[in-house]
Amino acid sequence: MDNQALQQWVERVSLESFGRPFLHQATFNGRLKATGGRYFTRSHHIEISPHQLAAFGMEETEKIIKHELCHYHLHLMKRGYRHRDADFKTLLAHVGGSRYCNSLPERSARKAMPFKYRLTCVRCGMEYLRKRKVDPARYACGKCRGKLKLFLLDKEDGP
């Protein structure tokens, strides 16, 4: 699906579910991985994640479109368009939009092994597990103040 087809889809959903036209631009944004879509309050444009469409199909993506259209229409009507507002929650439930999008499969696979690095104290053997690489020269052991040595964990090592 391309941006033109998405534009027509959003316009159709807007008319069918909200009874109002969508007069701005809807596009795909491949950088959206942790979120299903975005609404921009200044330009009134909507961006949708193509990864959600590929992973979960048209039905879930339409719920994301409805979610973003709730922001859009409420903002233009000068009513509560934020997630915490009662107007937003009511309209979202009425049109059948999703409150949250599903996590992408590749994002949940990364969480399977949360720790990549192990810092080990040379003096007392205390171990510290880390997700990100750190410079061991900048830190000392919290137990004995000894020097730390950095190790990269293998898939089999685990925590």
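Our subject is the structure listed above.
Residues numbered from 1 in each chain as written. Predicted model: local features only at pLDDT ≥ 70, side-chain atom pairs only at ≥ 80, totals over all residues. Heavy atoms only, no water.

Trainee: What's the story with the overall build of the chain in this structure? I'm lost.
Mentor: When its secondary structure is counted, the chain shows four helices and six strands. Each helix (α) and strand (β) of the chain, taken in turn from the N terminus, gives the series α-β-β-β-α-α-α-β-β-β. The C-alpha atoms of the chain give 23 Å as radius of gyration, which overshoots the globular expectation for 159 residues (15 Å, by more than 25%). The principal-axis extents of the C-alpha atoms in the chain amount to approximately 70 × 30 × 25 Å. Looking at the 159 residues of the chain, the share that counts as buried comes to 35%. (Helix = DSSP H or I, 4+ residues; strand = E, 2+ residues; numbered from the N terminus. Rg over C-alpha atoms; globule rule 2.2 N^0.38 Å. Buried < 20%, exposed > 50% of the residue type's maximum accessible area, 1.4 Å probe, protein only.)

Trainee: Help me understand the sheet that holds strand β5 (residues 127-130), please; the structure alone is not making it clear to me.
Mentor: Whether parallel or antiparallel, the strands of a sheet pair through hydrogen bonds between backbone atoms. Read across the sheet, three strands follow the order β5-β4-β6 without closing on themselves; strand pairing throughout is antiparallel. Each edge of the open sheet carries a strand with a single partner, namely β5 and β6 (148-152). Strand-to-strand, the axes of this sheet are offset by a mean angle of 25°, without reference to chain direction. Looking at chain direction, strand β4 (residues 117-121) and β5 are connected through four bridges and run antiparallel. Considered in β5, the bridge of L119 is made with Y128. (Pairing = 2+ DSSP bridges. Axes fitted to C-alpha atoms, helices over the stretch in contact; angles between N-to-C directions.)

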